[in-house]
Amino acid sequence: MVRVTKKQEHRLPDLRNVGKHVVMRMAPSPSGPLHLGHSRMSILNDEYVKRYGGDLVLRIEDTNPENIDPIAYDQIPMDLQWLGVNVTQVVIQSERMDIYYDEARKLINSGHAYICFCKQEEFRKLKLKSEACPHRDSSPVENMESFEKIIRGGFNRGNATLVIKTDLNHPNPSIRDWIAFRIVDTPHPRTGLKYRFYPMMNFSVAVDDHLLGLTHVIRGKDHLNNTEKQKYIFDYNDWTLPEYYHYGLINIPDTVLKTSIIKKGIVNGEYSGWDDVRLGTLMALKKRGYAPETFRRYWIESGMKEIDAEFSWDIFNSMNREIVDKNASRFFFVKNPMEIRLNNETALISKIPYHPGIPDTGFREYEIGSNASIFVDPADWNNLDDGKSIRLKDLCDVQKIGNTGKVLSIKPGKEKLKIIHWAPQGSLKFIIFRPDGTTDKGISEPLISSYRGIAQFERYGYVNVEGEKGTGYFLHK
RNA sequence: GCUCCGAUGGUGUAGUCCGGUCAAGCAUUUCGGCCUUUCGAGCCGACGACUCGGGUUCAAAUCCCGGUCGGAGCACCA
């Protein structure tokens, strides 16, 4: 039997129980702009909504006033738009507080939730022993009174919580009677001090997943326990559970992603902003020249397995190179330039294709006068033994004699020579910011001045160029 | 410690549900060759993996049991 060649492209597995359409969501906390890690859940959800049709909800989970950066409300939708993620509905949780209160009242009435006045430590200890706290048996009427009193501001932080009754003998202590609301008196960037009794993520998520009609939930497996907790809310209300998927954690090496670290760095001036090229934010990656399509391809290939994995910049860059290369004009960038003199008697014309693979992109052309001097990278020139020959790409072959190049031939000789790049007189200062925080300074050929976008600096790498400024951001080799 | 989850080359994946077509495919990396006036692209080739031990079976990457290793969560973050 002949083996059928498998399709090269990776395809995400089909979802279970898909009806006419799906409703899915992304639920970032607004602690800052999106980063590389967030792009995974965004792409995954978006892919499925595109496959099956339906809605994709962006739900901003801003129920912890202490962990909000207002920039996120605007930047997250922009990040998603850049990624090509088609959000059909935006929901901001801080605008839904009354909904959460109503759902809480329902659970209090049905005896599934109680107000607890235990100190944090006390409550924890009892739970570990599988013992009920003294407030667990309060009547719904008592609980309701307390609840309304808390909402009106009758208690201070740490003195009261709303707890969901689960199972005190559950093998996992964190799932035993979990806290659904707690008091926070920090002003909220959007609602100020209007509310002080905030739902915990497990409560608001369960309520919203139901009310928004979620059919499928895809998220990281760090939420595995949370899913267990949220199921109680669905049970008590007799709501239909969405299908859950939990993908494994991705370790992204050599990349700063933690918003707390980034924020601190921005404040103390170490980073220039959220788009500092040393960071793993989408803003920074965009600035360096990554294509949105690269993210999509990468995360589709990674799939939804629960296994933890290592993010591979090699593979990511390789995918990006494939996308970006065809539109990347070639230029010469000479790092730490040194001048060498040629002994040509007549002027030389150098005509170099902008893209050797795509002939109709044209040429860049420079005239090198007689006995001209040009610039080369000392790393190339100094490694060449005196008397040896080298090829100046698209210019001529030369023999090294000290710091002069004796022109051997204008047409490339038969001999196989090392080929190096160079820059003519009139080249412009150019500086490249690299993601490791270093910079490469040098010069680039004159025609770079009108170029914008991703260029390939030959033998150096891909760089997102702002020609008129003489700066560029290193993308990858 | 407790609860849950997982294990295919350096990395990422395919195959595992329904055992045989898998002496394991693809991509990436590294190395070599061809081509080429880039160390890019393209082409060819090489290295490199089923965590271990038992069991079931004519047959196991695939099913079962155990060990090991790794990961996540562990309570007023999301």
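In this numbering scheme, every chain counts its residues from 1 along its sequence in written order. Note on labels: chains are lettered from A, ligands numbered from 1, in written order. Owing to the predicted nature of the model, reporting of local features is limited to residues with pLDDT of at least 70; listing and counting of side-chain atom pairs is limited to 80 or more, with chain, interface and lining totals taken over all residues. Calculated side-chain values reflect all of the structure's heavy atoms, with hydrogen atoms and water omitted.

## Quick look at the overall build of chain A
What chain A contains, in helices and strands, is 12 helices and 26 strands. For the radius of gyration, the atom set is restricted to C-alpha positions; the globular benchmark scales as 2.2 Å times the number of residues to the power 0.38. In terms of overall size, chain A is more extended than a compact globule, its C-alpha atoms giving a radius of gyration of 31 Å where 477 residues would be expected to give roughly 23 Å. Out of the 477 residues belonging to chain A, those deemed buried represent 51%. Note on contacts: a residue pair qualifies if any of its non-hydrogen atoms lie within 4.5 Å across the two residues. For chain A, the proportion of contacts with a sequence separation of at least 24, taken over those separated by at least 6, is 68%. In this tally, Lys and Arg are treated as positive and Asp and Glu as negative; His is ignored, and so are the chain termini. Note that the charge is assigned to NZ on lysines, CZ on arginines, CG on aspartates and CD on glutamates. In chain A, 66 positive and 62 negative side-chain charges are present, and the distance between their average locations comes to 2 Å. Numbering goes from the N terminus for both helices and strands, where a helix is a DSSP run of H or I of at least four residues and a strand is a run of E of at least two. We call a residue buried when its accessible area falls under 20% of the maximum for its residue type, exposed when it is over 50%, and partly exposed in between, using a 1.4 Å probe and counting protein chains only.

## Some details on the side chain of His-170
As for its placement among the helices and strands, His-170 is situated in the loop between β5 (161-164) and β6 (178-183). With a relative accessible area of 18%, His-170 lands in the buried category. Of the polar contacts made by the side chain of His-170, one reaches the backbone nitrogen of Asn-172; its length is 3.0 Å. Apart from residues lying up to four places away in sequence, His-170 is in contact with Ile-175, Arg-176 and Tyr-232. Pairs of N or O atoms within 3.5 Å make up the polar contacts considered here, provided that, within protein, one atom can donate a hydrogen while the other can accept it, and that residues adjacent in sequence are counted only when both atoms are side-chain atoms.

## Some words on unusual backbone geometry
Positive phi, normally seen in glycine, also occurs at Ser-130, with a value near 60°. Summarising the element assignment, Ser-130 is placed in the loop between α4 (120-128) and α5 (140-151). You will see that Asp-238, though not glycine, has its phi angle at about 60°, which is positive. Residue Asp-238 is classed as exposed on the basis of its relative accessible area, which comes to 71%.

## Focus: the sheet that holds strand β1 (residues 22-26)
Any two strands with at least two DSSP bridges between them are considered paired. Pairing is parallel in the open sheet, where 3 strands are placed in the order β1-β2-β3. A strand with exactly one partner marks an edge of an open sheet, and here the two such strands are β1 and β3 (89-92). Averaged over neighbouring strand pairs, the angle between their axes works out to 25° when direction is ignored. Against the sheet, helix α1 (residues 36-52) touches β1 and β2 (54-60), its axis set at about 165° to β1. Only C-alpha atoms enter the line fits that serve as axes; for helices the fit covers just the stretch in contact. Angles between N-to-C directions range over 0 to 180 degrees.

## Looking at empty space enclosed by the protein
The rolling of a water-molecule-sized probe over the atoms marks out the regions of remaining empty space. A 1.4 Å probe that fits but cannot get out identifies a cavity on a 1 Å grid over protein atoms alone, an open set with protein on both sides within 12 Å along at least five of seven lines counts as a pocket, and a residue lines either if it has an atom within 4 Å of a point. Grid points are joined across faces, edges and corners, and a volume is the space filled by probe spheres set on the points. Counting across every chain of the model gives 1 cavity of 30 Å³ or more. Estimates place the volume of the largest cavity at around 30 Å³. Contributing to the lining of the largest cavity are Tyr-114, Phe-123, Leu-126, Lys-127, Glu-131, Ala-132, Cys-133, Arg-136, Leu-168 and Asp-177. Sorting elements by how many residues they give to the lining of the largest cavity places α4 first, with 3 residues. Residue classes in the lining of the largest cavity are distributed as 6 nonpolar, no polar and 4 charged. For this scheme, ten residues count as nonpolar: Ala, Val, Leu, Ile, Met, Phe, Trp, Tyr, Cys and Pro. Four count as charged, namely Asp, Glu, Lys and Arg, and the remainder, Gly too, count as polar.

## A closer look at the pairing of strand β4 (residues 113-116)
A regular strand places its side chains on the two faces of the sheet in alternate fashion. The side-chain alternation of β4 yields two buried faces, one formed by Ala-113 and Ile-115 and the other by Tyr-114 and Cys-116. Looking at chain direction, β4 and β5 are connected through 4 bridges and run antiparallel. In the sheet register, Tyr-114 faces β5, and the bridge partner there is Val-163.

## Focus on the packing of aromatic side chains
Centres within 6.5 Å make a pair out of two Phe, Tyr or Trp rings, where for Trp the six-membered ring is used; the pair is then stacked when the planes are under 30 degrees apart, edge-to-face when over 60, and tilted otherwise. Applying the stated rule across the entire model yields 32 aromatic pairs. When the ring of Phe-295 is compared with that of Phe-316, the centres are 5.1 Å apart and the planes differ by 80°; the resulting orientation is edge-to-face. You can see Phe-295 sitting in helix α10 (residues 292-302) and its partner Phe-316 sitting in helix α11 (residues 313-324), a full 21 residues away along the chain. Residue classification places Phe-316 among the buried residues on the basis of a relative accessible area of 0%. Ring pairing ties together the aromatic residues Trp-82, Tyr-290, Phe-295, Tyr-298, Trp-299, Phe-311, Trp-313 and Phe-316, which thus form one cluster. Geometry around Tyr-73 places Arg-190 over its ring, the cationic atom sitting 4.2 Å from the centre. Over the aromatic face of Phe-332 sits the side chain of Arg-364, whose NZ or CZ is 5.0 Å from the ring centroid. A ring is considered to have a charge above it if a Lys NZ or an Arg CZ atom is located within 6 Å of its centre and within 35 degrees of its normal.

## A look at the packing of α1 against α10
Two elements in contact, α1 and α10, have axes whose closest approach is 9 Å; the angle formed by their N-to-C orientations is 80°. Comparing the axis directions of α1 and α10 gives the class roughly perpendicular. Residues Leu-36, Ser-39, Arg-40, Ile-43, Leu-44, Asp-46, Glu-47 and Lys-50 of α1 touch α10, and the partners they reach there are Phe-295, Arg-296, Trp-299, Ile-300 and Ser-302. In these notes the angle categories are as follows: under 35 degrees is roughly parallel, over 145 is roughly antiparallel, 65 to 115 is roughly perpendicular, and the rest is oblique.

## Some remarks on the confidence of the model for chain A
You can read pLDDT as the predictor saying how much it trusts each residue, on a scale of 0 to 100. With 98% of its residues at a pLDDT of at least 70, chain A reaches an overall mean of 92. This complex was scored by the predictor with a pTM of 0.93 and an ipTM of 0.92.

## A look at the nonpolar core
Throughout, nonpolar core names a set of buried Ala, Val, Leu, Ile, Met, Phe, Trp, Tyr and Cys residues whose side chains join them through atoms within 4.5 Å. Met-24, Leu-36, Ile-218, Phe-295, Phe-311, Trp-313 and Phe-316 are the most contacted members of the largest nonpolar core, which totals 46 residues. Of all elements in the fold, only β1, α1, β2, α2 (71-83), β9 (243-247), α9 (282-288), α10 and α11 reach the threshold of two or more residues within this core. Those residues within four positions of Ile-218 in sequence are excluded, and the remaining contacts are Met-24, Leu-44, Asn-45, Tyr-48, Tyr-245, Tyr-247 and Met-304.

## Looking at the state of the cysteines
Note on disulfides: each one is a pair of cysteine sulfur atoms within 2.5 Å. Summed over the entire model, instances satisfying the criterion amount to 0 disulfides. In this structure Cys-116 is a free cysteine whose sulfur lies 3.5 Å from that of Cys-118, the closest cysteine sulfur available. Cys-133 takes part in no disulfide bond, and the closest cysteine sulfur, belonging to Cys-116, lies 3.7 Å away.

## So, the layout of surface pockets
What the second largest pocket holds in volume is close to 320 Å³. If you trace the second largest pocket, you find 20 residues lining it, with Arg-288, Tyr-290, Trp-313, Asn-317 and Pro-435 closest to the centre. When the residues that make up the lining of the second largest pocket are grouped by side-chain class, the tally is 9 nonpolar, 4 polar and 7 charged.

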